[in-house]
Amino acid sequence: MAKDGNTGNPAADNPETRMWGGRFAEPTDAFVARFTASVDVDKRLYHHDIRCSIVHANGLRAAGVLDADEHRTIVEGLEAIGAEVERDDFDWDPALEDVHMNIEARLTELVGEVGKKLHTARSRNDQVATDVRLWLRDAIGAIDAQLKELMGGILDLASGHTETVMPGLTHLQTAQPVTFAHHLMAWFEMAKRDRARFRDCLERANVSPLGSAALAGTTFPIDRVASAAELGFDAPAANSLDAVSDRDFALEFCAVASLAAVHLSRWCEEIILWVSPQWGFVTLPDAYCTGSSIMPQKKNPDVAELVRGKTGRVIGNLNALLVLMKGQPLAYNRDNQEDKLPLFDTADTLVDCLDAMTRIIAALEPHPAAMRDAAERGFAVATDFADYLVRRDVPFRDAHEIVGRAVAMCVEREVALDQIPLDDLQALCPRVDEDVYGVLTLDGAVAARDHVGGTAPRAVAAAIEAARRHL
Ligand code: ARG
């Protein structure tokens, strides 16, 4: 940029050639040009911008604004620009503000005066809203495919562990035994909801702002239903003011992405606990861990930690968009230009985190013996003992009290529940019999919870089967 206050770009500095230069007597201040430029961020919309422009050109042709030659010239020019960008042979110029004006300026440079007709009956306001929706549609498609792959990975891992017993926790304290497969299938359910939410978000995002022009629509007889259909949208947006200013779809995407990232973050938190020597439930291969520059023994689960950490960014992006929108009157305001960084960063970060999670799950080596060992500690079968007493006509509250006293006895003697002699148990409750030891086992406890959504190996195998059909 030139120091004299000009942008240094002859096309942008010259009031005659600036795209909106007509009413301006002075060139744009260099700082203002830099401050308002967004091309570094929004140039990644180029493909969708060109597609949107071609469909718009088709509409101008149908409306009689362009003749057949003009239309062909413009479409070919736009396609040539697409090819230039693809082979990295396009000179992005910040002085031309954004992706839209860069491409339009290049079009006129390539095809001459006729290029100046393309912007008839549209504004960058409906253009950018259309481009971003097109982009988001692709982003959601990619994320959906990744979620599906991740869910497949969870099923593969779970299939081998329907009989692997681990401690189920509440308050991070041993609660009741569960199977490892059951735990993994809880993750599957979260991912399944995330996928459904993305699909739902896509449904609302998939309407076309094109033809809303600056805010009020256009005086030209364009067919918004036709352009919407050509772009693969379900319908044209019903209100032009709303269409150019609405960023709900971006916000909704960021909200759904935040929730998905929160799920990944929670799973990673569990994996980080599981790989610690204190737990030892799973091992991650060396290739997925990093070491310490000072402590030679360290093997840290950094990938999982970073998924947890990056989730903070994703949530921050949602917050940024909410605050961006909260003060905006109808219709378009330049604030909206700031929507892209958080939106793009959210998609990019989630794509990376989903990839990381899929890799971690495929690489994870479970240690069933360590899981079982941990489940043996902490009286995980205490509820089963109480349920046993209930089946012998002891009211549940009384059963709870009796088992509580049995646990206190165990704590004092430093033994497990099934190591208390029958005489001592019968002293606590005469209805206890020899057969109680059958319910005081981890395998008995998980097998007994044999219903839809329960942890029994049979129930979990059925859940995995249903999940496979769902996928
Ligand atoms: N680059 C802008 C955006 O991303 C679109 C430009 C609309 N500018 C305007 N002055 N109406 O929102």
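Please read these numbers as outputs of a predicted model, since none were measured by experiment. (Residues numbered from 1 in each chain as written. Predicted model: local features only at pLDDT ≥ 70, side-chain atom pairs only at ≥ 80, totals over all residues. Heavy atoms only, no water.)

### A short note on the packing of aromatic side chains
The geometry of an aromatic ring pair is captured by two quantities: the separation of the ring centres and the angle between the planes.
Link 1 in the chain: In total, this model carries nine aromatic pairs according to the counting rule given.
Link 2 in the chain: Here the aromatic rings of W187 and W267 are separated by 5.0 Å at their centres, their planes lie at 5°, and the arrangement is stacked. Of this pair, W187 sits in helix 8 (residues 180–205) while W267 sits in helix 11 (residues 248–275), and the two are 80 residues apart along the sequence. Residues W187 and W267 agree in their burial class; the two are buried.
Link 3 in the chain: When the centroid spacing of 5.4 Å and the interplanar angle of 70° are considered together, the rings of W279 and F281 count as edge-to-face.
Link 4 in the chain: Relative accessible area serves as the criterion here: at 23%, W279 is assigned to the partly exposed category.
Link 5 in the chain: Put simply, the rings of F180, W187, W267 and W274 touch in pairs and so form one group of aromatic residues. (Phe/Tyr/Trp six-rings, centres within 6.5 Å; stacked < 30°, edge-to-face > 60°. Helix = DSSP H or I, 4+ residues; strand = E, 2+ residues; numbered from the N terminus. Buried < 20%, exposed > 50% of the residue type's maximum accessible area, 1.4 Å probe, protein only.)

### Re the site of the ligand
Link 1 in the chain: What surrounds the ligand is the set S38, D98, R124, N125, V128, Y332, Q337 and K340.
Link 2 in the chain: Contacts to the ligand include N125, whose side-chain N or O atom sits 2.8 Å from a nitrogen atom.
Link 3 in the chain: At 2.4 Å, a side-chain N or O of Y332 approaches an oxygen atom of the ligand.
Link 4 in the chain: Relative to its free-state accessible area of 340 Å², the ligand is covered by the protein chains to the extent of 86%. (Near = heavy atom within 4 Å. Polar contact = N/O pair within 3.5 Å; in protein donor to acceptor, adjacent residues only side chain to side chain. Areas by Shrake-Rupley, 256 points an atom, 1.4 Å probe, with all protein chains shown as cover.)

### A short note on the environment of I272
Link 1 in the chain: Considering the arrangement of structural elements, one finds I272 in helix 11.
Link 2 in the chain: Between the C-alpha atoms of I272 and H183, which are 89 residues apart in sequence, the distance is 15 Å.
Link 3 in the chain: Excluding anything up to four places from it in sequence, I272 contacts P301, A304, E305 and R308. (Contact = heavy atoms within 4.5 Å.)

### Points about unusual backbone geometry
Link 1 in the chain: The omega torsion across L330 and A331 is 0°, close enough to zero to call that bond cis.
Link 2 in the chain: Relative to the helices and strands, A331 is located in the loop between helix 12 (302–326) and helix 13 (340–363).
Link 3 in the chain: Its identity as a non-glycine residue notwithstanding, L172 has a phi of 65°, on the positive side.
Link 4 in the chain: Structurally, L172 can be placed in the loop between strand 1 (165–170) and strand 2 (173–179).
Link 5 in the chain: On the basis of relative accessible area, L172 is assigned to the exposed category, the value being 54%.

### Things to note about empty space enclosed by the protein
Leftover empty space is mapped by rolling, across the atoms, a probe with the size of a water molecule.
Link 1 in the chain: Applying the stated criterion across every chain yields a total of two cavities of 30 Å³ or more.
Link 2 in the chain: Of the pockets and cavities examined, the largest cavity occupies roughly 100 Å³.
Link 3 in the chain: As for the largest cavity, its lining consists of A375, E376, F379, A380, V381, A416, L417, D418, L440, T441 and L442.
Link 4 in the chain: The residue inventory of the lining of the largest cavity, partitioned by class, reads eight nonpolar, one polar and two charged.
Link 5 in the chain: One number sums up the size of the second largest cavity: a volume of about 60 Å³.
Link 6 in the chain: Residue lining of the second largest cavity: V55, H56, G59, L210, G211, I222, D223 and S227, and that is the complete set.
Link 7 in the chain: Among the elements that make up the lining of the second largest cavity, the one with the highest residue count is helix 4 (residues 46–62) (three residues).
Link 8 in the chain: The residue makeup of the lining of the second largest cavity, split by class, is three nonpolar, four polar and one charged. (1 Å grid on protein atoms, 1.4 Å probe; cavity = no way out; pocket = protein on both sides within 12 Å on 5 of 7 lines; lining within 4 Å. Points joined across faces, edges and corners; volume = space filled by probe spheres on them. Nonpolar A, V, L, I, M, F, W, Y, C, P; charged D, E, K, R; others polar.)

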